[in-house]
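Okay, here's what each chain looks like letter by letter:
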Amino acid sequence: MLLQVSDLAIRSRSGGVRILDGVDLQLGAGEVLGLVGESGCGKSMTCYAIADLLPAGLVRAGGSVRFDGVDMGSLDEPARRRLRGGRIAMIFQDPTSHLNPVHRVGTYLEGALKRHRGLSGTDARMEAIRLLERVGISDAKRRMNAYPHEFSGGMNQRLMIAHALACEPDLLIADEPTTALDVTTQAQILDLIETVRAETGMAILIVSHDLGVIARLADRAAVMHCGRIVETAPVEALFDRPAHPYTSALIGCMPTVDPDDCDPPRPIRGSVPSLADLPGGCHFHPRCDRRMPACGLARPPLAALADGQSSACFNPVPTW
Amino acid sequence: MSRFLANRLLRALITLFLTVTFVFIVLRFSGDPAEQMLSPDATPEAMQAFRERWGLDRSILEQYLFYVRNIASGEFGFSYANGRPVIDVVTERIPKTLILTGAGLVTLILIGVPAGIAAALRRNTAADRITMSLAVGGYSIPSFLLGLALIYVFAVELRWLPSSGSGDWRHAVLPIATYGLAGAAGIARFTRSAMIEVLDQPYIRAAKAAGIAPIEIVFRHALPNASIPIVTMLGFNVAGLLGGAVLVETVFAWPGLGSGFVRAVSQGDLAVVQFMVLIFTAFMVSVNFTVDVLYAVLNPRIRLSDHGAH
Ligand SMILES: Nc1ncnc2c1ncn2[C@@H]1O[C@H](COP(=O)(O)OP(=O)(O)OP(=O)(O)O)[C@@H](O)[C@H]1O
Ligand SMILES: [Mg+2]
């Protein structure tokens, strides 16, 4: 396993609100794992926890993150820093605000090449230009002197991808890389991610609330709800026969023999509960059509069903 | 960029012109200089002679045109008080004021900016709270009171430094400390909040995600962004130093523009007052212009877009 997240918990420093509660994720080398869930369920915090970038108000409350067999918690800060931006690269939603407004494109890329690959001077410059060309930014030489605010959002996301590629990472964490972009640009960025993945064979953890993105890129997907993983499965299985009622509600399409025969999408009943005031047992049970008395009392464990599919539900949707 | 600067330069010139006019109007309507300068028992003939000598008997419009023409050609007239050329009376005081305010500015930057950065990095710790309480204290004391307190401690009680005059460098220490400490308090608070705001920006998290070392994040990624508002604030500080010179130089009996201004006003020496107000304005205008230029240099979003108003 390239990345093994076990029983990861995060809470807020002040109130003790649980943001993540026992999150397990596995990602093999070269694999693409999609992480889906509604806004606020903890997808970004999962990414930040993996890269050790939690905001000041949040703390780890347990669990471990192992990268390539090494517990990240056992590393000292310089060693973790070498991993970040080196073997683990990250791209974000809203690329423009994640780029330093006073740094030129060239400075940004050359910095990464210098830090993690020891390149400098003309070598770094040539390599930076090559990276820009590789992610489809035309007129790369001239644009080395540009500032991020002179680029469109799509170009800035290309730039962040170029920066991520600079260090030839084993793992790319992509937190909603297309959410802030218009539809055409979204498609182009997804194409680009697919291309570089095919070229480099790096593993990708891709976060999105857009099931279409997940279906297109991911090999496997994990569904998150209120800080917990409620289901994980190969993408085809997840879309064809979701086992957790929440997944099935997200997909908005109950399983049938014919996967094309779907109900029209419908919103999930009720509203997302507040993390500060979660219902007991399964956090989804008040909104669930299949709830049983036990659901409000105990937390269902993530249990293996078949073919790499696991679901945290006492009364899963039949998948046969 | 060039359009931005041309725009700012034009604004500066307009400000200067308006000040010239405003000063003229205020001073000419605030009383008859002849009555203020001459003793109450001066004869009407002496009064008349004074008015003729300084052109005060002509129409207001004539006086104004005369005044503007003189200023434009560098003629500032003579001090009513002692007949010396105004330009000499004033220019001999300029370096004195520049030494104090310049050294004061350097001091306040050297104390205020590092203190603000340190407090921002240790946000909500005891060190942060102590620094900020000191800053609030320093910020709320008027600078001349701070000056008096320094005189009391270092000149009267400890007798380490002279309390007034301008003989050697030792005379400059307390007034510079007054400017430096009073200004550092405000800049420390401002730097702290500017740094905190920048450190919370997504691009700082992205920099951490790229494995950049904390010290580099602070000085190469955060500070250049925070320096944009800090420089603007420093511009206000310089303006404050020049304004504060009136009080601080008087407290320390330092023969600069500030104390000279107080003296000229109390003597009703209009020619000198007029020129000093112009000099002050010219300083302010050039400080603002410098800030605008620095702002554009530090902020690529202004530098490159010609329509960049902030
Ligand atoms: N600094 C913080 N302090 C306390 N709580 C936080 C902080 N940042 C985020 N949270 C909380 O953590 C929870 C998870 O946030 P997160 O950003 O991971 O959600 P997300 O799944 O990425 O949502 P989105 O789709 O909107 O990006 C949210 O409920 C949010 O309110
Ligand atoms: Mg998010």
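Residues numbered from 1 in each chain as written. Chains lettered and ligands numbered in written order. Predicted model: local features only at pLDDT ≥ 70, side-chain atom pairs only at ≥ 80, totals over all residues. Heavy atoms only, no water.

Novice: Let's hear about the overall build of chain A: which residues, and what values?
Specialist: On a plain count of helices and strands, chain A comes out with 10 helices and 12 strands. Computed over its C-alpha atoms, the radius of gyration of chain A comes to 20 Å, within 12% of the 20 Å expected for a compact globule of 320 residues. When the backbone C-alpha atoms are referred to their principal axes, chain A occupies close to 65 × 45 × 30 Å. Expressed as a percentage of the 320 residues in chain A, the buried residues total 52%. Carbon and sulfur atoms make up 51% of the accessible area of chain A, which totals about 13,400 Å². In chain A, the 33 positive side-chain charges and the 37 negative ones have mean positions that sit 7 Å from each other. (Helix = DSSP H or I, 4+ residues; strand = E, 2+ residues; numbered from the N terminus. Rg over C-alpha atoms; globule rule 2.2 N^0.38 Å. Buried < 20%, exposed > 50% of the residue type's maximum accessible area, 1.4 Å probe, protein only. Areas by Shrake-Rupley, 256 points an atom, 1.4 Å probe, with all protein chains shown as cover. Lys, Arg positive; Asp, Glu negative; His and termini not counted. Charge placed at Lys NZ, Arg CZ, Asp CG, Glu CD.)

Novice: Requested: an account of the interface of chain A and chain B, with residues and values cited.
Specialist: Listed by partner, the interface residues are 25 residues for chain A and 22 residues for chain B. Counting the surface lost from both chain A and chain B, the interface buries some 2,000 Å², and carbon and sulfur atoms represent 62% of this. It is Arg81(A), Val102(A) and Arg115(A) that lose the most area in chain A upon contact with chain B, and together they represent 25% of the buried surface on that side. Where chain A packs against chain B, one counts zero salt bridges. Those elements giving two or more residues to the side of chain A that touches chain B turn out to be strand E6 (88-91), helix H3 (105-117) and helix H6 (153-166) of chain A. Looking at which element gives the most residues to the side of chain A that touches chain B, the answer is H3(A), with three residues. Split by residue class, the side of chain A that touches chain B holds 11 nonpolar, nine polar and five charged. (Contact = heavy atoms within 4.5 Å. Buried area = accessible area lost by both parts, 1.4 Å probe. Salt bridge = Lys/Arg side-chain N within 4 Å of Asp/Glu carboxyl O. Nonpolar A, V, L, I, M, F, W, Y, C, P; charged D, E, K, R; others polar.)

Novice: I'd like to hear about the UniProt feature "domain: ABC transmembrane type-1" (unreviewed entry) in chain B, residue by residue, with values.
Specialist: The UniProt feature table records "domain: ABC transmembrane type-1" (unreviewed entry) at residues 94-291 of chain B. In residues 94-291 of chain B, the share of helix is 85% and the share of strand is 0%. The end C-alpha atoms are 21 Å apart. (UniProt positions renumbered as here; feature names shortened; annotations may be inferred.)

Novice: Hey, could you go over empty space enclosed by the protein for me, with residue numbers and the actual values?
Specialist: Residue and element names in this part refer to chain A. Applying the stated criterion across every chain, the model contains two cavities of 30 Å³ or more. Roughly 70 Å³ of volume is contained in the largest cavity. Surrounding the largest cavity, 13 residues form its lining, Cys282, Cys288, Cys295, Cys313 and Phe314 being those nearest its centre. Partitioned by chemical class, the residues of the lining of the largest cavity number eight nonpolar, three polar and two charged. In terms of lining, the second largest cavity is formed by Leu99, Asn100, His103, Arg104, Val105, Tyr108, Pro148 and Leu159. Residues of the lining of the second largest cavity, tallied by class, amount to five nonpolar, two polar and one charged. (1 Å grid on protein atoms, 1.4 Å probe; cavity = no way out; pocket = protein on both sides within 12 Å on 5 of 7 lines; lining within 4 Å. Points joined across faces, edges and corners; volume = space filled by probe spheres on them.)

Novice: Break down helix H4 (residues 60-72) of chain B for me, with residues and values.
Specialist: Residues and elements named next belong to chain B. Between its terminal C-alpha atoms H4 stretches 18 Å, which fits the 18 Å expected from 13 residues at 1.5 Å a residue. For H4, the set of buried residues is Gln63, Tyr64, Tyr67, Asn70 and Ile71. For H4, the angular spread of buried residues about the axis comes to 135 degrees, placing them on one side. Across from the buried face of H4, at angles greater than 90 degrees, the exposed residues are Leu61, Leu65, Arg69 and Ala72. At its buried positions, H4 is contacted by helix H1 (2-29) and helix H13 (270-298). Two residues or fewer after H4 comes Gly74, characterised by a positive phi angle close to 75 degrees. (Expected span 1.5 Å × (residues − 1). Arc of directions from axis to C-beta.)

Novice: Lay out the sheet that holds strand E4 (residues 58-67) of chain A with the relevant residues and their values.
Specialist: All names here are of chain A. The four strands are arranged E2-E1-E4-E5 in an open sheet whose pairing can be described as antiparallel. Sheet topology places strand E2 (18-27) and strand E5 (70-71) at the edges, where each strand pairs with a single neighbour. By the bridge criterion, eight bridges tie strand E1 (residues 3-12) to E4 in an arrangement that is antiparallel. Bridging across to E4, Leu3 finds its partner in Phe67. (Pairing = 2+ DSSP bridges.)

Novice: Describe the pattern of salt bridges, with residues and values.
Specialist: Residue and element names in this part refer to chain A. Applying the stated criterion to the full structure yields 27 salt bridges over all chains. Of the charged contacts, one joins Arg228 and Asp21 as a salt bridge, the two residues approaching to 3.2 Å between their closest N and O atoms. Of the two residues, Arg228 is situated in strand E10 (residues 228-234) and Asp21 in strand E2; the sequence distance between them amounts to 207 residues. Residue classification places Arg228 among the buried residues on the basis of a relative accessible area of 11%. On the accessibility criterion, Asp21 (16% relative accessible area) is buried.

Novice: Could you give an account of the site of ligand 1, with specific residues and numbers?
Specialist: Residues and elements named next belong to chain A. Neighbouring ligand 1 are 13 residues; Ser39, Gly40, Lys43, Ser44 and Met45 lie closest to it. Lys43 places a polar main-chain atom, nitrogen or oxygen, 2.9 Å from an oxygen atom of ligand 1. Ser44 is positioned such that a nitrogen or oxygen atom in its side chain is 2.7 Å from an oxygen atom of ligand 1. Protein contacts shield 65% of the accessible area of ligand 1, which totals 640 Å² for the unbound molecule. It is helix H1 (residues 43-50) that contributes the most residues to the shell around ligand 1, three residues altogether. Looking at the shell around ligand 1 residue by residue, the classes come out as six nonpolar, four polar and three charged. (Near = heavy atom within 4 Å. Polar contact = N/O pair within 3.5 Å; in protein donor to acceptor, adjacent residues only side chain to side chain.)

Novice: Quick rundown of the packing of helix H8 (residues 143-157) of chain B against helix H9 (residues 169-199) of chain B? Include the residues and the values.
Specialist: Residue and element names in this part refer to chain B. Remark: H8 packs on H9, axes separated minimally by 9 Å, with the N-to-C direction vectors making an angle of 135 degrees. On the basis of their axis angle, the class for H8 and H9 is oblique. The two elements H8 and H9 cross, and the hand of that crossing is right-handed. Residues Ser143, Leu146, Gly147, Leu150, Ile151, Phe154 and Ala155 of H8 lie in contact with H9, whose contacting residues are Leu174, Ala177, Thr178, Leu181 and Ala182. Here the residues of the contact of H8 with H9 sort into nine nonpolar, three polar and no charged. (Axes fitted to C-alpha atoms, helices over the stretch in contact; angles between N-to-C directions. Parallel < 35°, antiparallel > 145°, perpendicular 65-115°, else oblique. Left-handed = near helix turned anticlockwise from the far one by under 90°.)

Novice: Mind laying out the UniProt feature "transmembrane region" (unreviewed entry) in chain B, listing which residues take part and the relevant values?
Specialist: All names here are of chain B. The sites that UniProt annotates as "transmembrane region" (unreviewed entry) are residues 12-31, 98-121, 133-152, 172-191, 230-255 and 275-298. Summarising residues 98-121: 100% helix, 0% strand, and an end-to-end C-alpha distance of 34 Å. As annotated, residues 172-191 has a helix share of 100% and a strand share of 0%, and its two end C-alpha atoms lie 27 Å apart.

Novice: Give me the lowdown on the environment of Gly268(B), citing residues and values where you can.
Specialist: All names here are of chain B. Turning to its location among the elements, Gly268 is positioned in the loop between helix H12 (257-267) and H13. Taking the relative accessible area as the measure of exposure, Gly268 reaches 9% and is therefore buried. Along the sequence, Gly268 and Ala81 sit 187 residues apart, while their C-alpha atoms lie 8.2 Å from each other.

Novice: I'd like a description of the layout of surface pockets, backed by residues and values.
Specialist: Roughly 760 Å³ of volume is contained in the largest pocket. Forming the boundary of the largest pocket are 23 residues, of which Ala56(A), Arg123(B), Leu199(B), Ile204(B) and Lys208(B) lie nearest the centre. Within the residue set of the lining of the largest pocket, elements represented by two or more residues are helix H2 (77-83) of chain A together with helix H6 (94-121), helix H10 (202-209) and helix H11 (214-251) of chain B. Here the lining of the largest pocket takes four residues from H10(B), the largest share from any one element. Counted by class, the lining of the largest pocket contains 13 nonpolar, two polar and eight charged residues.

Novice: Pulling in residues and values, what's your account of the nonpolar core?
Specialist: Counting residues in hydrophobic clusters, the biggest one holds 97 residues, and the most contacted among them are Met90(A), Leu159(A), Leu171(A) and Leu205(A). For this core, the leading source of residues is H6(A), giving eight residues. Contact partners of Met90(A), with chain neighbours within four places excluded, come to Cys47(A), Tyr48(A), Ala51(A), Leu53(A), Leu172(A), Ile173(A) and Ala209(B). In terms of nonpolar packing, the next biggest core, distinct from the first, is built from 38 residues, Leu150(B), Val218(B), Ala245(B) and Val248(B) among them. (Core = buried A, V, L, I, M, F, W, Y, C linked by side-chain atoms within 4.5 Å.)

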